[in-house]
Each structure stands twice: as C-alpha cells, then as structure tokens.
Amino acid sequence: METLLWRPVQLLPVCKFSKHTRRLSAACLLGLKSLQGSHSRGTRSRCGGEPMEKPSASGRAALEESKGLVEDVGVLRGAEGGEVDHQTARKSSSSRSSRKSFRLDYRLEEDVTKSCQDKHGRWTNPWPTWRFPSYTTLLRFLLWDKNHSNIPSNKELLDSELPVMEPYFVQSPDLSESGPGLRVTWLGHATVLVEMDGLNILTDPIFSQRASMFQFLGPKRYRGPPCTVEQLPRIDAVVISHSHYDHLDAGSVASLNQRFGGELRWFVPLGLMDWLTKMGCENVMELDWWEENCVPGHDDVTFVCTPAQHWSKRTALDDNKSLWGSWCVLGPDHRFFFAGDTGYCSSFQEIGRRYGPFDLAAIPIGAYNPRDMMQGQHVDPEEAVQIHQDIQAKQSVAIHWGTFALAYEYYLEPPARLRAALEQKGLKPESFFTLHHGESRLIASQQGDVFD
C-alpha cells in the first residue's frame with residue numbers, strides 16, 4: 001500500500017501525533033480523489049535509440065516534490081522514439097542503441113481494457129470493481145477501526161518469525177551472474193530481483209527506512225532491507241508500477257542511478273518520466289498499457305506495461321496525473337509477471353490470454369484490511385490466488401507484506417490465508433510461495449534449488 005491514501009486535498013507537511021502516530025502518520029500527508037472518466041491513448045513505441053541529456057543537479061525531483069512541484073512537461077515519452085518536447089535536447093550518439101519493431105499492438109484490439117483519462121487529464125480505473133472509500137469509511141478507518149497488526153516490538157521475536165537473510169549475491173558475489181534458469185530474490189515489500197534470460201531486473205525498489213517524502217515521518221519498516229544498493233549485482237532494468245512512496249522511493253532511485261547511470265533502463269507508466277529525469281536518470285522508457293519495449297542490446301526480452309487497478313499520488317496536487325500498471329517480461333526462455341500494487345479486476349484474464357502462461361509471477365498478498373477501505377486498491381490472499389490463476393502462472397511469489405505496517409490485518413495473517421486459499425482451490429503450496437527477506441529461489445532449472 002502506498003503511504004498516502006487520503007482525501008482532504010491539501011498537503012499537510014507538519015503533523016504531530018502521540019498515541020495515534022502509527023494510525024495517522026501516513027494519512028497526514030495526502031488526500032483522496034474520486035476517479036471517473038474515459039479517454040484512450042496510444043502511440044506505438046520503438047526500442048533502442050539515444051539516451052536523454054542528463055539534467056542539472058538543481059533539478060533533482062526530491063527537492064521538487066518536497067515543494068509539491070510535479071509538472072506535466074510536453075509530450076515526452078521515452079529515452080528514444082515516440083514524441084519529444086522540442087525544448088528538451090537529446091544526445092544523438094549512444095553505444096547502447098538498438099532497434100526493435102513489434103508486430104503486435106494490443107491497444108488497437110477491441111477486447112482489451114485501454115487506459116483512460118477524465119476531462120481533467122487524470123487517469124481513471126475503467127472497471128466496475130473499482131471503488132474508493134467514502135469520507136465516512138475513511139474517517140472510521142483513521143479514528144475508530146481497530147488495528148489488529150500487532151507487530152512485535154521485540155527484535156528477537158521478529159527475527160524468529162520474519163528473518164532477514166543475507167542474499168546469496170552478498171555471500172558469494174561470484175555466483176551473481178545470470179544462469180540458464182530464472183531466479184527470484186525477495187528484498188522486502190514489492191522489491192524483487194529477477195534474473196532471467198541474461199537480464200537482472202529489479203521491481204519497485206525501496207531500500208529506505210520509511211515510505212515517505214521525509215525520512216523522519218511516515219510508515220517505517222519493521223523489517224529492514226536485506227542488502228544495500230551497493231551490494232546488488234548488476235541491474236539491467238527497473239520496472240516501476242506507480243508513484244506511491246512505498247513503490248517509487250526517491251532515495252533508492254538516486255542510489256541506483258548513482259551506481260549504474262545510463263546503463264540502467266527504467267520502465268515506467270505514462271506520466272512518470274519527467275520525475276525520473278529530474279532525479280538524473282538518463283535511460284527512461286515511459287509506456288502506456290499494452291505498449292512494449294526492451295533493454296537496448298537485449299531485443300529478445302520484451303517489457304510490456306499492462307493494466308492494474310490502483311491510483312497514483314505524491315503531492316497535494318498530482319492526484320492520478322501519472323498512470324499505474326503491472327508488467328510482463330517476455331523472454332525467449334522464461335516469462336515473468338509483476339502485479340505491482342492492485343485490486344482485483346478482469347484485466348488479469350486479458351493478460352493471461354495474451355501473454356500467459358508465466359513461469360513466475362510476483363503478486364501482492366498484504367495490506368488488505370479493513371476490506372471496505374482497501375478492496376478497490378489491494379487484493380487479499382484469496383484474490384491474489386485468483387490473479388495467479390487468471391494470468392496462468394506456473395509459480396508465484398508473494399510480495400507486499402511483512403515489511404511496512406500499512407493496514408490492519410495481523411502481520412502474519414497474509415501467508416496463512418494464502419496457504420488456506422491454495423488448499424481451497426486444490427493448488428499445491430509450492431505453486432504460490434513466500435520467501436524470507438533476502439531469500440532466493442531458482443525456478444525452471446535442472447537444479448530447482450532454494451538459495452539461502
């Protein structure tokens with residue numbers, strides 16, 4: 001869940017709470033918006049080309065967003081291809097250039113759910129399953145609903161229940177080169193490292209202690225990151241699902257960009273490219289639902305932005321100004337699906353029909369109670385299993401639980417309900433598994449092993 005769920009539309013930069021701090025620390029930041037409308041978009045994008053010119057340090061997005069400045073700049077789409085704002089200079093030379101034409105553009109088909117905007121240019125959810133909580137529901141959540149998370153303050157107890165393990169690539173860096181299989185490492189919350197078909201892919205990276213624009217306020221991790229950005233192996237691509245602070249973390253983006261620079265390709269939904277460029281990221285590809293692109297030099301692995309049911313917000317004035325989505329990564333030997341942050345909707349069946357079956361999916365299972373507050377935006381474990389089936393995943397890993405206190409279910413309930421839902425559906429427990437923080441699993445290889 002995002003740190004920011006909440007409706008009065010003004011930004012509240014200074015909040016002081018006592019016993020209600022955990023309940024209100026997220027809510028003090030931003031406001032809710034009701035969402036409706038329709039408008040379809042789409043320009044076919046191409047892969048490869050030239051990186052963008054790096055902006056000056058004075059344009060850093062961390063400073064901009066602290067002032068509530070998230071601007072809509074022209075019609076920039078990506079590091080190359082598509083439409084370009086004439087005021088933005090681009091370098092014409094790149095050793096990373098590649099070209100790829102895509103034969104299919106599913107946005108042109110009648111039976112796919114297209115992204116849409118309202119008359120104010122804000123993105124909307126087109127499904128009847130979408131609903132945002134009412135003012136009454138929000139008020140009850142903030143003031144009266146009982147928080148059943150019961151996260152222990154005792155570190156020893158947490159270490160026994162939710163251990164944080166040193167990842168294999170920290171223990172043995174020489175083993176961190178991508179092999180013939182597909183390997184996944186859970187780094188907490190919605191951050192996973194996926195190694196497949198010669199690429200190392202990171203999802204929604206957050207290595208900070210708080211999911212907030214400030215590191216002194218907002219939801220704090222109760223399980224720390226198992227590694228630092230400096231300890232990661234080579235990262236070729238990062239996929240971002242949406243703009244909420246627990247999925248798009250300024251500190252983590254800055255650290256990744258400082259380490260990997262223009263060699264790292266960022267895949268983001270529409271509306272987020274400008275934010276990344278202000279952070280200094282050079283190699284950014286911004287996509288609509290059903291648009292495809294690739295990492296230069298790896299034309300055989302296709303990244304597709306696909307629908308999800310959610311919303312976006314980082315400041316008081318940018319409600320749903322950027323799109324949200326899930327991601328499909330389609331390689332010659334393996335297929336990976338990242339659900340991001342989502343409520344349940346019918347588009348997962350569309351994704352399964354077009355791109356399934358998937359060798360691995362990363363699907364959220366936490367931050368779902370109370371249901372009248374969370375149902376539209378966060379699946380519960382039973383709905384997560386339905387997504388697993390809809391997209392035709394051979395195996396799935398559970399994400400979005402056990403890291404931040406974002407909702408009111410007991411902190412160990414999500415995996416227990418997941419196991420029960422799998423049993424009820426007649427599915428094997430290993431088909432949708434959980435990992436410890438920092439733990440890896442090797443999939444679709446001869447060894448089929450688990451790395452601690």
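Preceding block: the structure.
Nothing here was measured: the structure is a model prediction, and the numbers come from that model. All residue numbers refer to position in the chain's written sequence, counted from 1. Where local features are concerned, this predicted model is filtered to residues with pLDDT of at least 70; where side-chain atom pairs are given and counted, the filter is 80 or more; whole-chain, interface and lining totals use all residues. As a rule here, side-chain values come from all non-hydrogen atoms in the structure, and water together with hydrogens is ignored.

1. Here's the deal with the overall build of the protein chain
Helix and strand counts for the protein chain come out as 11 helices and 17 strands. Whether a residue is buried, partly exposed or exposed follows from its accessible area with a 1.4 Å probe, protein chains only, as a fraction of its type maximum: under 20%, in between, or over 50%, in that order. The buried share among the 452 residues of the protein chain stands at 61%. Element-wise, carbon and sulfur atoms account for 49% of the exposed surface of the protein chain, whose accessible area totals about 17,700 Å². Where helices and strands are cited, they refer to DSSP runs of H or I of at least four residues and of E of at least two residues respectively, numbered from the N terminus. All accessible-area figures derive from a Shrake-Rupley calculation using a 1.4 Å probe, and residue coverage is judged against the displayed protein chains alone.

2. Structural notes on helix 10 (residues 381-390)
Side chains of residues three or four places apart in an α-helix project in the same direction, reflecting 3.6 residues per turn. Within helix 10, seven of the 10 residues are buried, leaving the element largely enclosed by the surrounding structure. Residues Pro381, Glu383, Ala384, Val385, Ile387, His388 and Asp390 constitute the buried set of helix 10. Immediately beyond the C-terminal end of helix 10, within one or two residues, lies Gln392, with a positive phi of roughly 65°.

3. Remarks on the nonpolar core
Counting 69 residues, the largest nonpolar core has Phe303, Phe337 and Ile391 as its most contacted members. Residues count as neighbours in contact if any of their non-hydrogen atoms are within 4.5 Å of one another. Ignoring anything within four residues of it in the chain, the contact list for Ile391 reads Phe337, Phe348, Ile351, Gly352, Gly356, Pro357, Phe358, Ala361 and Ile363. Joining through side-chain atoms within 4.5 Å is the link that ties buried Ala, Val, Leu, Ile, Met, Phe, Trp, Tyr and Cys residues into a set, and such a set is a nonpolar core.

4. Topic: a nonpolar patch on the surface
There is a patch of nonpolar side chains on the surface, built from Leu139, Leu143 and Trp144 and spanning about 340 Å² of accessible area. Locating Trp144 in the fold gives a position in the loop between helix 3 (135-143) and helix 4 (155-161). Exposure above 30% relative accessible area and the absence of a salt bridge qualify a residue for a patch, where like charges join within 9 Å and nonpolar side chains (Val, Leu, Ile, Met, Phe, Trp, Tyr) within 5 Å. By convention in these notes, a salt bridge is any Lys or Arg side-chain nitrogen within 4 Å of a carboxyl oxygen on Asp or Glu.

5. Considering helix 8 (residues 347-355)
In terms of burial, helix 8 is largely enclosed, as seven of its nine residues are buried. When helix 8 is considered as a whole, its buried residues turn out to be Ser347, Phe348, Glu350, Ile351, Gly352, Arg354 and Tyr355. Elements that come into contact with the buried residues of helix 8 comprise strand 9 (292-295), strand 10 (298-306), strand 11 (326-330), strand 12 (335-338) and helix 10.

6. Focus on the packing of aromatic side chains
Two aromatic rings, drawn from Phe, Tyr or Trp (for Trp, its six-membered ring), form a pair once their centres lie within 6.5 Å of each other, and the interplanar angle then sorts them: stacked below 30 degrees, edge-to-face above 60, tilted otherwise. A full pass over the atoms with the stated rule returns 15 aromatic pairs. For the pair Trp130 and Phe132, a centre-to-centre distance of 5.2 Å together with 35° between the ring planes defines the contact as tilted. The same class applies to Trp130 as to Phe132, namely buried. Taken together through their ring pairs, the aromatic side chains of Phe337, Tyr344, Phe348 and Phe358 make up a single cluster. Over the ring of Trp290 we find Arg354, and its NZ or CZ is 5.9 Å from the ring centre. Any Lys NZ or Arg CZ that is within 6 Å of a ring centre and within 35 degrees of that ring's normal is treated as a charge sitting over the ring.

7. What to know about the packing of helix 10 against helix 11 (residues 413-424)
Simply put, an axis is a line fit to the C-alpha atoms, just over the touching stretch for a helix, and the angle between two N-to-C directions goes from 0 to 180 degrees. One way to put it is that helix 10 packs onto helix 11 with a least axis distance of 8 Å and a crossing angle of 50°. The orientation of helix 10 relative to helix 11 falls into the category oblique. Relative to helix 11, helix 10 is oriented so that their crossing is right-handed. Along the contact surface, helix 10 presents Pro381, Glu382 and Val385, while helix 11 presents Pro414, Arg417, Leu418, Ala421 and Leu422. Classification used: nonpolar for Ala, Val, Leu, Ile, Met, Phe, Trp, Tyr, Cys and Pro, charged for Asp, Glu, Lys and Arg, polar for all others including Gly. Partitioned by chemical class, the residues of the contact of helix 10 with helix 11 number six nonpolar, no polar and two charged. For this classification, under 35 degrees means roughly parallel, over 145 means roughly antiparallel, 65 to 115 means roughly perpendicular, and everything else is oblique. A crossing counts as left-handed when the near helix is turned anticlockwise from the far one by less than a right angle, and as right-handed when that turn is clockwise.

8. Looking at the pattern of salt bridges
Under the counting rule described, the total for this entry stands at 14 salt bridges. Among the salt bridges present, the one from Asp159 reaches Arg223, with a minimum N-O distance of 2.9 Å. Of this pair, Asp159 sits in helix 4 while Arg223 sits in the loop between strand 5 (199-203) and strand 6 (237-239), and the two are 64 residues apart along the sequence. Arg223 gets classed as buried once you look at its relative accessible area, which sits at 5%.

9. Examining the side chain of Arg314
Within the secondary structure layout, Arg314 lies in the loop between strand 10 and strand 11. Residue Arg314 is classed as buried on the basis of its relative accessible area, which comes to 2%. Pairing of N or O atoms within 3.5 Å defines a polar contact, subject to two protein rules: one partner must be a possible hydrogen donor and the other a possible acceptor, and residues neighboring in sequence count only if both atoms are side-chain atoms. One polar contact links the side chain of Arg314 to the main-chain carbonyl oxygen of Ser243, over a distance of 2.6 Å.

10. Thoughts on the sheet that holds strand 14 (residues 396-399)
Should DSSP find at least two bridges between two strands, the strands are taken to pair. Spatially, seven strands are ordered 9-10-11-12-13-14-15 in an open sheet, and the strand pairing comes out mixed. Either end of the sheet is taken by a strand with one partner, and the two such strands are strand 9 and strand 15 (432-433). Where strand 13 (residues 360-364) meets strand 14, four bridges bridge the pair, whose relative direction is parallel. The partner of Pro364 across the bridge, within strand 14, is Ile399. The strands touched by helix 8 are strand 9, strand 10, strand 11 and strand 12; relative to strand 11, the strand with the most contacts, the crossing angle is about 10°. The strands that helix 10 touches are strand 12, strand 13, strand 14 and strand 15; relative to strand 13, the one it contacts most, it runs at about 155°.

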